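# A closer look at the structure
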Amino acid sequence: MSTSNDHSDRQRDDMITLRVPRSALTVLWTLGSLITLLLVALAFIAGLALRPALPAAAPVQAPVVVDPAPVAPSIVTLSASPLPLPVTPAPPTSAPTSEPAVQPTLELIRPTEAPAIPAPTDAVLVIAAPTEANIAPPAAVDFRIEPQPAAVQPPAAPVQAAGAPPPAAPVQAAGAPPPAARPAESGGGGASRPAPTTRPHALRGSVRWSTANSPVIIQNDLLVSSGASLIIEPGVEVQIGKGASLVVDGSIVALATPDRPVRFTQIGGGDDPRLRWESIIGRAGSVIDLRNVLITGGGGGGTVLAMQSGRLSLQSARIVNNGGHIRIEDSFVIIRDSEISGNRMPYGSAIDITLTRGGGGSPGSDVVIINNRVLNNATVAGAAPLRLTNLSFDHPARIEIEQNLLVGAAGPNLALFTNAQLMGNIRCNTLIGGANGLSLRSDAPPNLSPMLNIRDNAIEAHEPPNNPFYRQFNIGKGATSDLPLTMTNNWWEVANGPYEPALNPEGRGEAAGPNITFQPWLQTRPACAPSF
């Protein structure tokens with residue numbers, strides 16, 4: 001039975017298996033390969049025939065940067081006619097730079113470092129033209145006074161009066177780069193003022209300006225470098241261009257006399273609001289000492305004199321017809337025997353002093369304000385002629401505020417804000433006009449009592465609050481305080497003393513607010529307080 005089954009299986013296998021000779025297989029494989037290669041070749045040729053024509057590639061031109069050859073410093077003589085410093089523009093292929101498009105210009109600045117030698121009458125300013133080697137650091141000016149040769153000496157140029165047409169441009173030397181464009185001299189029309197310079201022109205070493213150099217004309221920002229000193233002799237006039245500032249990192253001293261003051265004013269000597277210069281700015285560590293000076297026509301940005309973390313002494317000065325205030329921060333300050341009037345101040349108090357870290361550690365007062373007249377200034381509502389702020393909760397401040405005439409408009413006359421102890425004297429001042437005489441505010445605990453000697457002040461003519469009783473008797477606010485404050489022996493406008501509903505209801509003088517101790521009061525006006 002099994003033998004018959006094996007036989008049938010072999011027959012079935014023979015029927016299924018297809019036996020093909022090896023030679024036939026080889027021929028078939030070769031023929032298939034040839035057909036495949038032929039199809040690939042035909043497809044390639046067809047692709048080439050159907051491909052669109054491509055434009056020829058444009059040649060790439062690599063930029064070529066040529067290092068300029070060193071240029072020897074040339075000597076440029078500035079005449080009395082305005083002439084900016086020449087500027088060599090960067091090649092078009094050079095990388096962008098932060099250098100200003102127009103170099104700051106400084107005209108007729110001809111101080112000397114040898115004051116013992118009298119300056120020649122026809123002196124000129126000699127400045128080394130900028131080269132590739134000295135473009136990176138701030139421009140250094142060689143303030144040498146050299147006489148002109150007799151054969152080519154030009155006549156002295158007269159001072160240009162305000163409103164007069166500008167002098168003709170000087171002839172440009174052969175081969176020199178063209179001068180930079182100048183801003184318009186007038187307030188309206190003309191070319192627009194160049195963008196503010198990122199780096200002001202710099203003075204270094206010891207520089208002295210004398211009447212032989214006057215007027216000194218500053219067209220763009222001028223920096224008194226750290227460690228440098230600028231001395232301005234009596235009788236010198238410093239004329240500053242529209243939008244320019246005098247920035248002090250070192251020291252500036254103007255020790256003039258009443259008959260020969262130093263004047264800071266606009267170019268041409270006017271005070272046109274359209275042509276205002278910016279400000280005199282003292283930065284950290286700087287010293288500004290100005291005596292018998294006139295500052296006018298400045299404050300284009302709202303501040304005409306600023307000091308931060310330095311020392312400011314302003315004595316026998318007149319700051320009039322400006323567009324800004326005096327701002328002082330974290331500095332030792334003396335302002336005495338000065339007048340601040342007729343200024344338009346878009347923000348802040350006329351004298352605005354802020355101590356963010358309290359007073360200094362040295363003995364003596366941090367703020368000395370004596371015998372000044374602050375009046376007739378246009379300020380924003382609530383601003384004071386004098387404001388002192390001590391923001392520190394830990395460090396006290398020492399002040400001396402005496403014999404000042406402080407005339408207000410819509411705010412207090414003397415505004416004090418303190419979070420720490422406040423010590424010193426407030427004596428013989430006249431606080432008159434506005435909404436309040438003295439205002440003391442604080443975020444400190446209410447038991448803090450300032451150690452101030454407030455006496456012999458004349459507190460007068462303040463606006464009555466919106467209250468029928470105050471208006472009926474014309475009783476204004478003489479003083480208000482957030483902290484306990486002693487204000488004895490002061491004049492409150494009338495002999496029967498200040499009005500206080502509980503302690504002096506019969507008084508018809510300026511009202512004393514809560515927290516103020518006012519008894520006894522003066523029954524006559526103190527002679528030491530200045531009159532309005």
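Here goes a summary of the coordinates provided.

## Digging into the packing of aromatic side chains
- Going through the model one piece at a time under the given rule, you end up with 5 aromatic pairs.
- Between F469 and Y499 the ring centres are 5.0 Å apart and the planes differ by 40 degrees, which places this aromatic pair in the tilted class. Placement of F469 in helix α3 (residues 468-472) and of Y499 in the loop between β36 (485-486) and β37 (511-512) is noted, with a sequence separation of 30 residues between them.
- For F469, a relative accessible area of 27% corresponds to the partly exposed category.
- Centroid distance Y470 to Y499: 5.6 Å. Interplanar angle 90 degrees. Geometry classified as edge-to-face.

## A word on the sheet that holds strand β8 (residues 222-224)
- In spatial order, the strands read β5-β8-β11-β14-β17-β20-β23-β26-β29-β32-β35-β37; together these 12 strands make up an open sheet with parallel pairing. Taken across any chain shown, the strands that pair with only one partner, and hence form the sheet edges, are β5 (201-203) and β37.
- Here strand β29 (residues 412-418) runs beside strand β32 (residues 436-441); their pairing, made up of 5 bridges, is parallel. What sits directly across from L414, in β32, is L438.

## Side note on a nonpolar patch on the surface
- A cluster of nonpolar side chains, namely L31, I35, L38, L39 and L42, defines an oily patch on the protein surface of about 500 Å² accessible area.
- Inspection of the secondary structure puts I35 in helix α2 (residues 22-50).

## Let's talk about empty space enclosed by the protein
- Tallied over the full model, the rule gives 1 cavity of 30 Å³ or more.
- Size it by volume and the largest cavity reaches roughly 70 Å³.

## Section: the sheet that holds strand β9 (residues 229-232)
- Taking strand neighbours across the sheet as the criterion, the 10 strands line up as β6-β9-β12-β15-β18-β21-β24-β27-β30-β33 in an open arrangement whose pairing is parallel. Since the sheet does not close on itself, it has two edges, and those belong to β6 (206-209) and β33 (451-455), each with one partner. Between one strand axis and the next, the sheet turns through 5 degrees on average, direction left out of account.
- Sheet analysis places strand β24 (residues 367-370) next to strand β27 (residues 397-402), joined by 4 bridges and oriented parallel. If you follow I369 over to β27, its bridge partner there is I401.

## Some remarks on the pairing of strand β10 (residues 237-240)
- Side chains E237 and Q239 project from β10 onto one buried face, and the interleaved V238 and I240 project onto a second face that is buried too.
- The pairing of strand β7 (residues 216-218) with β10 spans 3 bridges and is parallel. Each bridged residue has a counterpart across the sheet, and for I218 the counterpart in β10 is I240.
- Direction of pairing for β10 relative to strand β13 (residues 262-266): parallel, over a ladder of 4 bridges. Pairing of V238 across the sheet is with F264, part of β13.

## Here's the deal with the pairing of strand β26 (residues 386-390)
- Counting buried positions over the 5 residues of β26 gives 4, a clear majority of the element.
- Pairing geometry for strand β23 (residues 351-355) and β26, over 5 bridges, is parallel. Opposite T354, over in β26, you have T389 as the bridge partner.
- In this structure, β26 lies alongside β29, joined through 5 bridges in parallel fashion. Of the residues in β29, the one forming a bridge with L388 is L416.

## Looking at the pattern of salt bridges
- Counting across every chain of the model gives 14 salt bridges.
- When the shortest N-O distance is used, the salt bridge between R263 and E237 registers 3.0 Å. Taken together, the residues span a long stretch of sequence, with R263 in strand β13 and E237 in strand β10 at a distance of 26 residues.
- Here the salt bridges share partners, and the residues they tie into one network are E402, R427, R455 and D456.

## Focus: the state of the cysteines
- According to the stated counting rule, one finds 1 disulfide in the structure shown.
- C428 shares a disulfide with C528; S-S distance 2.0 Å. Measuring the twist about the S-S bond at about -85 degrees, one finds the C428-C528 disulfide to be left-handed. Note that C428 is positioned in the loop between β30 (422-427) and β31 (430-432) and C528 in the segment after β38 (516-517), a separation of 100 residues in sequence.
- The class of C428 is buried, set by a relative accessible area of 4%.

Conventions used here
Residues numbered from 1 in each chain as written. Predicted model: local features only at pLDDT ≥ 70, side-chain atom pairs only at ≥ 80, totals over all residues. Heavy atoms only, no water. Phe/Tyr/Trp six-rings, centres within 6.5 Å; stacked < 30°, edge-to-face > 60°. Helix = DSSP H or I, 4+ residues; strand = E, 2+ residues; numbered from the N terminus. Buried < 20%, exposed > 50% of the residue type's maximum accessible area, 1.4 Å probe, protein only. Pairing = 2+ DSSP bridges. Patch = residues over 30% accessible without salt bridge, like charges linked within 9 Å, V, L, I, M, F, W, Y side chains within 5 Å. Areas by Shrake-Rupley, 256 points an atom, 1.4 Å probe, with all protein chains shown as cover. Salt bridge = Lys/Arg side-chain N within 4 Å of Asp/Glu carboxyl O. 1 Å grid on protein atoms, 1.4 Å probe; cavity = no way out; pocket = protein on both sides within 12 Å on 5 of 7 lines; lining within 4 Å. Points joined across faces, edges and corners; volume = space filled by probe spheres on them. Axes fitted to C-alpha atoms, helices over the stretch in contact; angles between N-to-C directions. Disulfide = S-S within 2.5 Å.

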